[in-house]
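# Report on the structure
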Amino acid sequence: MDAETASSADCIPATALDAYIQLRWDRRVDQWRGLDVPEDAVVFLGSSIIEEGEWSHLFPNTTTLNRGIGADATQGVFDRLDQIIETRPSKVFLYIGGNDFSRLDDTPEETWVRLQKILSQLQAALPETALFVYTLFPREAQHADKIEAFNALVRSKLSSSHVTVINAHPWFLGEGGAIDPTFSNDRIHLSGEAYRIWEDNIRLHLEK
């Protein structure tokens, strides 16, 4: 069971879940450490929404690196940016922030500050790298207000920066601010059809 899905199950103590998430994060980061990866790859960076994407199959003619970790939050991404920077990617597609609300119960403002730190560090270290940030997709209805507030900050604060913001939230929006069940079987993660819609948007940016 994915940690994000498990977090909604009352049968798992929060302390045990947090320990599981941290140990898995450590294993993933350790596995990537020191890998001989090509420069100028396209990096997909974020949480399980990124991790579950079959990017190398969706874009077989592009060298891609999947750097998604299930249940990761903005601080987790920030803490592993050195690995992203050392690959010298040509493009970074970033999707992160939902777990800051569902797992950590942070505010949109707190999450935005950490996202800003991520982008500032990437821009400073990789001035030639194209950065793409997606607004958060809808998920369970109880998180709708925070997601909408966070997305509003992303759209407004990054509108004049060198980061390309893609407003993806409306793509899969259902009733009451929740994700349309057509595109998710657990109210969080994406179906194959949803990834194909996302693929079409990413392809537009890959071809530029």
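Below is a short write-up of the structure. For clarity, every value in this text was computed on a predicted model and none was experimentally measured. (Residues numbered from 1 in each chain as written. Predicted model: local features only at pLDDT ≥ 70, side-chain atom pairs only at ≥ 80, totals over all residues. Heavy atoms only, no water.)

## A word on empty space enclosed by the protein
Stated formally: A cavity, in this analysis, means grid points on a 1 Å lattice covering only the protein atoms where a 1.4 Å probe fits yet has no way out; a pocket is instead an open set bounded by protein on both sides within 12 Å along at least five of seven lines, and a residue lines either one if it has an atom within 4 Å of a point. Grid points are joined across faces, edges and corners, and a volume is the space filled by probe spheres set on the points. Under the DSSP-based scheme used, a helix requires at least four consecutive residues in state H or I and a strand at least two consecutive residues in state E, with every element numbered from the N terminus. Each residue receives one of three labels: charged for Asp, Glu, Lys and Arg, nonpolar for Ala, Val, Leu, Ile, Met, Phe, Trp, Tyr, Cys and Pro, and polar for the others, Gly being one of them.
As enumerated under the stated definition, the model contains 2 cavities of 30 Å³ or more in all. Space inside the second largest cavity adds up to approximately 60 Å³. Taken together, Trp32, Leu35, Val37, Arg67, Gln83, Ile84, Glu86 and Thr87 make up the full set of residues lining the second largest cavity. The biggest single contributor to the lining of the second largest cavity is helix 6 (residues 81–86), with 3 residues. Among the residues forming the lining of the second largest cavity, the class breakdown is 4 nonpolar, 2 polar and 2 charged.

## Digging into the packing of helix 8 (residues 108–125) against helix 9 (residues 144–157)
Between two packed helices, both the angle of their axes relative to each other and the distance between the axes serve to describe the pair. This is how it is decided: The convention used is that axes are lines fitted to C-alpha atoms, helices contributing only their stretch in contact, and that angles between N-to-C directions extend from 0 to 180 degrees. Angle categories are assigned with fixed cut-offs, so that under 35 degrees is roughly parallel, over 145 is roughly antiparallel, 65 to 115 is roughly perpendicular, and the rest are oblique. Note: crossing handedness is left-handed where the near helix turns anticlockwise from the far helix by less than a right angle, and right-handed where it turns clockwise. Here, residues are in contact when the closest pair of their heavy atoms is within 4.5 Å.
Close contact between helix 8 and helix 9 brings their axes to 9 Å; oriented N to C, the two are set at 40°. One way to sum up the angle between helix 8 and helix 9 is to call them oblique. Helix 8 and helix 9 meet at a crossing whose hand is right-handed. Along the contact surface, helix 8 presents Pro108, Glu109, Thr111, Trp112 and Leu115, while helix 9 presents Lys146, Ala149, Phe150, Leu153, Val154 and Lys157. For the contact of helix 8 with helix 9, the per-class residue count stands at 7 nonpolar, 1 polar and 3 charged.

## Considering the environment of leucine 65
Note that leucine 65 resides in strand 2 (residues 64–68). Linking leucine 65 and valine 42, residues 23 residues apart in sequence, is a C-alpha distance of 6.2 Å. If sequence neighbours within four positions are ignored, leucine 65 has contacts with Val37, Ala41, Val42, Val43, Phe44 and Thr87.

## What to know about the packing of aromatic side chains
Put simply, the test is: Paired rings are identified among Phe, Tyr and Trp, the last through its six-membered ring, by centres lying within 6.5 Å, and are further divided according to the angle between planes into stacked (under 30 degrees), edge-to-face (over 60) and tilted (the rest). Type-normalised accessible area, obtained with a 1.4 Å probe on protein chains alone, sets the label of each residue: buried when under 20%, exposed when over 50%, and partly exposed for intermediate values. Counting as a charge over the ring demands two things of the Lys NZ or Arg CZ atom: a distance within 6 Å of the ring centre and an angle within 35 degrees of the ring normal.
Tallied over the entire structure, the rule returns 18 aromatic pairs. Aromatic side chains tryptophan 55 and tyrosine 195 sit 5.9 Å apart centroid to centroid with 70° between the ring planes, which places their arrangement in the edge-to-face category. Of this pair, tryptophan 55 sits in helix 4 (residues 55–58) while tyrosine 195 sits in helix 10 (residues 192–206), and the two are 140 residues apart along the sequence. In this structure tryptophan 55 comes out as buried when scored by relative accessible area, which is 1%. Over the ring of phenylalanine 78 we find lysine 117; its NZ or CZ atom is 4.4 Å from the centre of that ring.

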